[in-house]
Amino acid sequence: MSGAHVVMLLSNAYRPDPRVKREADGLIQAGFRVSLICWDRAAELSATELIDGVEVIRVQGVRSSHGLGWRQLFYLPRFLLKAIRLGASMHPKVVHCHDLDTLYAGCVLKSRIGCHLIYDAHENYPESMRIYLPGILVAGLRRLESSLIRKADLTITASTILGDLLKSKGLKSVTTLGNYPCLSEFEALDHTHLQKSREDLGVSANQVLVAYIGGFSRNRALLPFIEAAALLPKVEFHLWGDGHQRPQVEEAVAQHRNAHYHGWLPVAQLPLYFQAADIIYYGLRKDDASAVYNAPNTVAQAMASGTPVIGTDIGDLGRMIRDAGCGMLLDELTPGQIAAAIEKLLLPEFRKRKGSRGLTAAVSKYNAENVQKKLVTLYESFLAGGKEN
């Protein structure tokens, strides 16, 4: 049913959010009309904007910030009320809620205007909040999700592990759409361009560059990675990102001459540095309950770049690396084990073989083009009254 109006709800400012953008782009290309109501907590961006055909409406009258923990309860309900008013005025055919913190608004809109409701779970939200909230509030979030999710007509997860969990609880209309990049964005770059980017980082052609590119949330094992630099003084360790661990990362890299932090990497530059790196590291702490549900963008981006990955053997991270044969999996993330995995990948032919396997898997399976086709098929079947999982 192309031409149907879809309103997406999102609790960040859409700079844009990569997963949301890929899904919106796929729907736009299939002929749907897509509007996005999102929360610009610091009122930093345009209040309204048209981005690649998506009508973006940013709620800016509710000032807040990320990482407030339980104090967000003073602000989130006010955003949701504004989102409900805006959404109701648009009379969409479908409301597509990104993550649990927008699902209440979607349920109200379904009840009020009779629209279809899709819940898009980017992560196991209650478990991801465990590091910010006391246990009683985490338990409350689990109960809230269990109640609201049954009002959704279709649930989409980014993680196969989370999808399996929801199905085990009796939900039938559940499907998984992974966080995979557009292959066209990761087409092989000119060797001269790649070499210039390495030179700008102070990395010579015969040195090995190991990179971490991603968020610095508390479930990322970043400090053991940096400490591994002391065991491999001839290897270059570079990090891009931001988040809760930034002060610790900055302090740690200052202790090692071959470790460097470069701040946040703009989305447009991701393909360049994923391909400029020789090895990508993506370590998740196993003692964090949310890690098993992590849907790793980084691994799929490394695959699309033909760059091998070192990661934790947990959740979709382990499933993807094992399925593609594109890297090294570790049970424990100590500096010694990380360094040992890097040493194995110092062999150029072994490294090339692992990277090539990842690229093959990206082309055949782990790419946004496949995800977009599946999303459109789901929407069309869903709106036509059928079911597809």
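Scroll up a little and you will see the structure.
Note that residues are indexed from 1 along each chain, following the sequence as it is written. Thresholds applied to this predicted model are a pLDDT of at least 70 for local features of residues and 80 or more for the giving and counting of side-chain atom pairs; totals over whole chains, interfaces and linings are not thresholded and use all residues. In computing side-chain properties, one takes all heavy atoms of the structure into account and sets aside hydrogens as well as water.

Novice: What exactly am I supposed to notice about the overall build of the chain here?
Specialist: From N to C terminus, the chain includes 15 helices and 14 strands. The atom set for the radius of gyration is the C-alpha atoms, and the globule formula is 2.2 Å times the number of residues raised to the power 0.38. Taken over the C-alpha trace, the chain has a radius of gyration of 21 Å; the compact-globule value for 389 residues is 21 Å, and the two agree within 12%. Projected onto its principal axes, the C-alpha positions of the chain cover 65 × 40 × 40 Å. Counting every position in the chain, which comprises 389 residues, the buried fraction comes to 56%. Numbered from the N terminus, helices here are DSSP runs of H or I no shorter than four residues, and strands are runs of E no shorter than two. Summary of the burial criterion: residues with accessible area below 20% of their type's maximum are buried, those above 50% are exposed, and those between are partly exposed, where the area comes from a 1.4 Å probe applied to protein chains only.

Novice: Would you take a moment to explain the packing of helix 1 (residues 18-29) against helix 15 (residues 368-383) for this structure?
Specialist: When two helices pack together, their arrangement is given by the angle between the helix axes and the distance between those axes. In contact at an axis separation of 9 Å, helix 1 and helix 15 are set at 60° when each is read in the N-to-C sense. Of the possible angle classes, the one that applies to helix 1 and helix 15 is oblique. As for the relative orientation of helix 1 and helix 15, their crossing is right-handed in sense. For the pair formed by helix 1 and helix 15, the contact residues are Arg22, Glu23, Asp25, Gly26, Leu27 and Gln29 on the first element and Ala368, Gln372, Leu375, Val376 and Tyr379 on the second. Each residue gets one label: Ala, Val, Leu, Ile, Met, Phe, Trp, Tyr, Cys and Pro are nonpolar, Asp, Glu, Lys and Arg are charged, and the others, such as Gly, are polar. When the residues that make up the contact of helix 1 with helix 15 are grouped by side-chain class, the tally is five nonpolar, three polar and three charged. Orientation is described by lines fitted to C-alpha atoms, with helices fitted over the stretch in contact, and by angles between N-to-C directions that extend from 0 to 180 degrees. We call two directions roughly parallel when the angle between them is under 35 degrees, roughly antiparallel when it is over 145, roughly perpendicular when it lies between 65 and 115, and oblique otherwise. By definition, any crossing whose near helix is turned counterclockwise from its far helix by less than a right angle is left-handed, and any crossing with a clockwise turn is right-handed. Any two residues having at least one pair of non-hydrogen atoms within 4.5 Å are treated as being in contact.

Novice: Sorry if this is basic, but what is going on with the pairing of strand 13 (residues 309-312) here?
Specialist: Residues in a regular strand point their side chains to alternate faces of the sheet. Burial of strand 13 is two-sided: the residues Val309 and Gly311 facing one way and the residues Ile310 and Thr312 facing the other way are all buried. Where strand 12 (residues 279-282) meets strand 13, three bridges bridge the pair, whose relative direction is parallel. Within strand 13, the position partnered with Tyr282 by the bridge is Gly311. In this region the chain leaves strand 12, passes through helix 11 (residues 297-305) and returns to the parallel neighbour strand 13; the handedness of that crossover is right-handed. For two strands to be treated as a pair, DSSP must find no fewer than two bridges joining them. Here strand 13 pairs with strand 14 (residues 327-330) via four bridges, running parallel. Bridging across to strand 14, Thr312 finds its partner in Leu330. Looking down the strands as they point away from you, a crossover is right-handed if its path from the first strand over the helix to the second goes clockwise.

Novice: Is there a simple way to explain the state of the cysteines in this structure?
Specialist: Defined simply, a disulfide is a covalent bond joining two cysteines at their sulfur atoms. Note on disulfides: each one is a pair of cysteine sulfur atoms within 2.5 Å. In the structure shown here, the tally under the stated rule is zero disulfides. You can see Cys115 has no disulfide; the closest cysteine sulfur is in Cys97, sitting 8.4 Å from it. Classification of Cys115 as buried rests on a relative accessible area of 5%. Here Cys326 stays unpaired: no disulfide links it, and the sulfur of Cys182, its closest cysteine neighbor, is 19 Å away.

Novice: Just checking my understanding: could you explain the sheet that holds strand 12 for this structure?
Specialist: Two pairing modes exist for strands in a sheet, parallel and antiparallel, and in both the strands are linked by backbone hydrogen bonds. The parallel open sheet is built from six strands, whose spatial order is 11-10-9-12-13-14. Unpaired on one side and paired on the other, strand 11 (259-261) and strand 14 mark the two borders of the sheet. Each neighbouring strand pair of the sheet contributes to a mean axis angle of 20°, computed without reference to strand direction. Both strand 9 (residues 209-213) and strand 10 (residues 236-240) contribute to a ladder of five bridges, which runs parallel.

Novice: Got a minute to help me understand the side chain of His256 in this structure?
Specialist: Position of His256 relative to the elements: it lies in the loop between helix 9 (246-253) and strand 11. The exposure class assigned to His256 is buried, which follows from its relative accessible area of 17%. Setting aside residues no more than four positions away along its own chain, His256 makes contact with Ile226, Glu227, Ala229 and Ala230.

Novice: Sorry, what's going on with the pairing of strand 10 here?
Specialist: Counting buried positions along strand 10 yields five of five residues, so the element is predominantly enclosed. Burial along strand 10 is two-sided: Glu236, His238 and Trp240 and Phe237 and Leu239, pointing in opposite directions, are all buried. Relative to strand 11, strand 10 runs parallel, the two being bridged by three bridges. When the bridges of strand 11 are listed, Leu239 appears paired with Tyr261.

Novice: When you look at the pattern of salt bridges in this model, what are you seeing that I'm missing?
Specialist: Oppositely charged side chains can pair when the atoms bearing their charge come close. Salt bridge, as applied in this entry: a Lys or Arg side-chain nitrogen positioned within 4 Å of an Asp or Glu carboxyl oxygen. Under the defined criterion, the tally for this structure stands at 19 salt bridges. Two residues, Arg15 and Glu44, come together in a salt bridge whose shortest N-O distance is 2.4 Å. One end of the pair, Arg15, is in the loop between strand 1 (5-10) and helix 1; the other, Glu44, is in the loop between strand 2 (33-39) and strand 3 (48-51), with 29 residues separating them in the sequence. Given a relative accessible area of 52%, Glu44 falls into the exposed group.

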